[in-house]
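Summary of structural features
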Amino acid sequence: MITKTLFDLNSLLRPNIKQLVPYSSARDEFKGKEGIFLDANENSFGSPLSENYNRYPDPLQLGLKEKIGKVKGLPTENIFLGNGSDEAIDILFRAFCIPGKDKVIICPPTYGMYEVSANINDVEVKKVNLLPESFQLNSDKIIEAIDNKTKLIFVCCPNNPTGNGVKWLDIKLILESFKGIVILDEAYINFASYRSLIPELLNYPNLVILQTFSKAWGLAGLRIGMAFASQQIIDVFNKIKPPYNINALSQQKAIAALSNIEQVNVWIKTIVAERELLIKKLGLLSCVIKVYPSEANFVLVKVTDANELYTYLSRQQLVVRNRSKVELCEGCLRITIGTKEENEKLITAIKQYADQ
Ligand SMILES: *Cc1c(COP(=O)(O)O)cnc(C)c1O
């Protein structure tokens, strides 16, 4: 394997980040200790709530990370938590990409935040489209597109909005041919027929895996995203993040949610079963040209007139995502798997549209 010898985190980091002295609070030196805390200008009397929130939260969220670590099979040192995955994505740019100089590679059609975050940070985006119809990575073109200014490559698996998984062989080839960081976004991994690539973190020091509490865990409102990587990379993330990026309430609620993993696993099974049912039913409708296979909690559907169907459904308060203007998704709607009743309503509405 070439990456282990080629990978050098220090040469990848922006000089200002390498030299950065992170913010530290006096509390850092008293972690977990009892005491009279007169160091952080909090209200020492309490909060006007039944539960107290007068103290700043744990900046490293160790209680929550320990619970996550047990589920994922990872020590806390390999876990970063962000205010949504979106914060982790932004930190990657701020850690590794010099604005106006460095570049990243993304593989459209894919999640929109990679490009938005690149634009906010004034970082050039090179696009290497997925292969048409199969939506697999064009790994030869991706490797060709790498130059000495390329710092990050984003791969989304299962991919949004296409729903498919990309082949491990292609991801592996990229990991082994690239000295920069490969970000593997597994936001939808819980719905996939294959496992997370977390065990590969041991083999690839340039791999960062993103997951989130926003999808299968049903906690989009708490805003907690996870990044898994080598301790070296996680240390960099922790240096850059705002000190209290996950609030106390979100930390508590996520810890409670992790004690109810059985409920989440039941939902995942139900959603996957509903997905397969929806794919079958959609395939029978005359206005549907193609239903793409999905490893996620949504399906991409090519229809005869996406704009017309989208408007028709909107008028019945059925809100789906119109992806028909996205390159390689022409004529497509992206539909999230709803409850059984919601999916039935959707099918009935599309049937009515097709029959009119
Ligand atoms: C929804 C989604 C996320 C989650 O973002 P959060 O900020 O954690 O809510 C990340 N990546 C992809 C591909 C997504 O579709």
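Let me sum up the structure you'll find in this document. Computed from a predicted structure; not experimentally measured.

Comments concerning empty space enclosed by the protein
- Under the counting rule described, the total for this entry stands at three cavities of 30 Å³ or more.
- Roughly 50 Å³ of internal volume is contained in the largest cavity.
- If you go around the largest cavity, the residues you meet are Cys-107, Thr-110, Leu-130, Leu-137, Phe-154, Val-155, Cys-156, Asn-159 and Val-166.
- Looking at side-chain class alone, the lining of the largest cavity contains seven nonpolar, two polar and no charged residues.
- In this structure, the second largest cavity encloses a volume near 40 Å³.
- Along the walls of the second largest cavity sit Glu-274, Leu-277, Leu-278, Lys-281, Lys-340, Asn-343 and Glu-344, which together make up its complete lining.
- Elements represented by at least two residues in the lining of the second largest cavity include exactly α11 (261-283) and α13 (340-355).
- In terms of residues, the lining of the second largest cavity owes the most to one element, α11, which gives four residues.

Digging into unusual backbone geometry
- Following Cys-157, the chain continues to Pro-158 via a peptide bond in cis, the omega torsion being -5°.
- Within the secondary structure layout, Pro-158 lies in the loop between β4 (150-156) and α8 (168-177).
- The omega torsion of the bond from Asn-160 to Pro-161 falls at 15°, within 30 degrees of zero and hence cis.
- With a phi angle near 60°, Asn-41 is a residue other than glycine that sits in the positive phi range.

Observations concerning the packing of aromatic side chains
- This structure, assessed with the given rule, holds ten aromatic pairs.
- Look at Tyr-111 and Tyr-114: their rings are 5.5 Å apart centre to centre, the planes differ by 80°, and that puts the pair in the edge-to-face class.
- For Tyr-111, a relative accessible area of 25% corresponds to the partly exposed category.
- Given a relative accessible area of 1%, Tyr-114 falls into the buried group.
- For the pair Phe-135 and Tyr-292, a centre-to-centre distance of 5.1 Å together with 55° between the ring planes defines the contact as tilted. Of the two residues, Phe-135 sits in the loop between β3 (124-127) and α7 (139-145) while Tyr-292 sits in the loop between β8 (288-291) and β9 (298-303), which places them 157 residues apart along the sequence.
- With relative accessibility at 1%, the residue Phe-135 sits in the buried group.
- Look at Tyr-292 and you get buried, because its relative accessible area is 1%.
- One aromatic cluster in this structure is built from Phe-93, Tyr-111, Tyr-114 and Phe-154.
- Against the face of Phe-298 rests Arg-334, its NZ or CZ located 5.5 Å from the ring centre.

Some thoughts on the pattern of salt bridges
- On inspection of all chains with the given rule, the structure shows eleven salt bridges.
- Taking the shortest distance from any N to any O, the salt bridge between Arg-55 and Glu-42 comes out at 2.6 Å. With a gap of 13 residues between them, Arg-55 in the loop between α3 (15-18) and α4 (62-72) and Glu-42 in the loop between α3 and α4 connect regions that are remote in the sequence.
- With a relative accessible area of 14%, Glu-42 lands in the buried category.
- The salt bridge involving Arg-94 is made with Asp-90; its shortest N-O contact spans 2.9 Å. Linking Arg-94 with Asp-90, this pair stays in helix α5 (residues 85-96), spanning four residues, or about one helical turn.

Cut-offs and rules
- Residues numbered from 1 in each chain as written.
- Predicted model: local features only at pLDDT ≥ 70, side-chain atom pairs only at ≥ 80, totals over all residues.
- Heavy atoms only, no water.
- 1 Å grid on protein atoms, 1.4 Å probe; cavity = no way out; pocket = protein on both sides within 12 Å on 5 of 7 lines; lining within 4 Å.
- Points joined across faces, edges and corners; volume = space filled by probe spheres on them.
- Nonpolar A, V, L, I, M, F, W, Y, C, P; charged D, E, K, R; others polar.
- Helix = DSSP H or I, 4+ residues; strand = E, 2+ residues; numbered from the N terminus.
- Phe/Tyr/Trp six-rings, centres within 6.5 Å; stacked < 30°, edge-to-face > 60°.
- Buried < 20%, exposed > 50% of the residue type's maximum accessible area, 1.4 Å probe, protein only.
- Lys NZ or Arg CZ within 6 Å of the ring centre and 35° of its normal.
- Salt bridge = Lys/Arg side-chain N within 4 Å of Asp/Glu carboxyl O.

In short, the description is geometric, and any link to function would need to be established separately.
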